[in-house]
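An overview of the molecular structure
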Amino acid sequence: MIETERLTIIPLTLEQVRVHIADRYRLEESLGLKKGHREVVEPLLSIIRYFTIPRLQDGSNDPLYHTMWLAIDRKKQQFDAEAKFKGEP
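Attention here is on the structure that accompanies the text. Please read all numbers here as calculations on a predicted model, not as lab measurements.

So, on to the pairing of strand E2 (residues 7–11). The pairing of strand E1 (residues 2–3) with E2 spans 2 bridges and is antiparallel. When the bridges of E2 are listed, Glu3 appears paired with Thr8. Taking the residues that link successive antiparallel strands as the turn, the E1-E2 hairpin has 3 residues.

Looking along the chain, the bond that leaves Glu42 and enters Pro43 is cis, with omega of 5 degrees. Its identity as a non-glycine residue notwithstanding, Gln77 has a phi of 60 degrees, on the positive side. Within the secondary structure, Gln77 sits in the loop between strand E3 (68–73) and strand E4 (78–84).

On to the packing of aromatic side chains. Tallied over the entire structure, the rule returns 2 aromatic pairs. Pairing Trp69 with Phe85 gives two aromatic rings, centres 6.4 Å apart and planes at 85 degrees, and the pair type is edge-to-face. Of this pair, Trp69 sits in strand E3 while Phe85 sits in the segment after E4, and the two are 16 residues apart along the sequence. Here a set of aromatic residues connected by ring pairs shows up, and it is made of Tyr65, Trp69 and Phe85.

Relative orientation of the contacting elements helix H1 (residues 14–22) and helix H3 (residues 44–57) amounts to 165 degrees, with a least axis distance of 10 Å. For the element pair H1 / H3, the angle class is roughly antiparallel. The two elements H1 and H3 meet at a crossing, and its hand is left-handed. Between H1 and H3, the residues in contact are Leu14, Val17, Arg18, His20 and Ile21 and Leu45, Ile48, Arg49, Thr52, Ile53, Leu56 and Gln57, respectively. Broken down by class, the residue content of the contact of H1 with H3 amounts to 7 nonpolar, 3 polar and 2 charged.

It is worth spelling out the environment of Ser30 at this point. Relative to the helices and strands, Ser30 is located in helix H2 (residues 26–30). Once the C-alpha coordinates of Ser30 and Leu45 are considered, the two residues, 15 residues apart in sequence, prove to be 20 Å apart.

Glancing now at H1. Every buried residue of H1 is listed here: Gln16, Val17, Val19 and His20. The buried residues of H1 all sit within an arc of 165 degrees when viewed along its axis, so they share a single face. Packed against the buried residues of H1 are E2, H2, H3, E3 and E4.

Let us look at the side chain of Thr8. With respect to the helices and strands, Thr8 occurs in strand E2. Taking the relative accessible area as the measure of exposure, Thr8 reaches 9% and is therefore buried. Here the side chain of Thr8 touches Arg74 through a polar contact of 3.1 Å, side chain to side chain. Other than its neighbours up to four places away in sequence, Thr8 contacts Met1, Ile2, Glu3, Leu70, Ala71, Ile72 and Arg74.

What counts and how
Residues numbered from 1 in each chain as written. Predicted model: local features only at pLDDT ≥ 70, side-chain atom pairs only at ≥ 80, totals over all residues. Heavy atoms only, no water. Pairing = 2+ DSSP bridges. Helix = DSSP H or I, 4+ residues; strand = E, 2+ residues; numbered from the N terminus. Phe/Tyr/Trp six-rings, centres within 6.5 Å; stacked < 30°, edge-to-face > 60°. Axes fitted to C-alpha atoms, helices over the stretch in contact; angles between N-to-C directions. Parallel < 35°, antiparallel > 145°, perpendicular 65-115°, else oblique. Left-handed = near helix turned anticlockwise from the far one by under 90°. Contact = heavy atoms within 4.5 Å. Nonpolar A, V, L, I, M, F, W, Y, C, P; charged D, E, K, R; others polar. Buried < 20%, exposed > 50% of the residue type's maximum accessible area, 1.4 Å probe, protein only. Arc of directions from axis to C-beta. Polar contact = N/O pair within 3.5 Å; in protein donor to acceptor, adjacent residues only side chain to side chain.

Dropping the structure here:
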């Protein structure tokens, strides 16, 4: 987890990534956040299904470089942004 003055930035676990794409608000609910306007659409949905999830399932990969990172606006208690690395440096 990374914290700035305004944001908390968290890496998602494999299960959280699955929830992130399966249900529009279940991830927010599980993290105690307010529902926002987040929607996972193409091409991000395909990237998560065909690259992120398989790489997170492979124990030889460092999950911090293969997961989704979500920025949470602490004041709003909502997701603000998401990011992903292509892999290890």
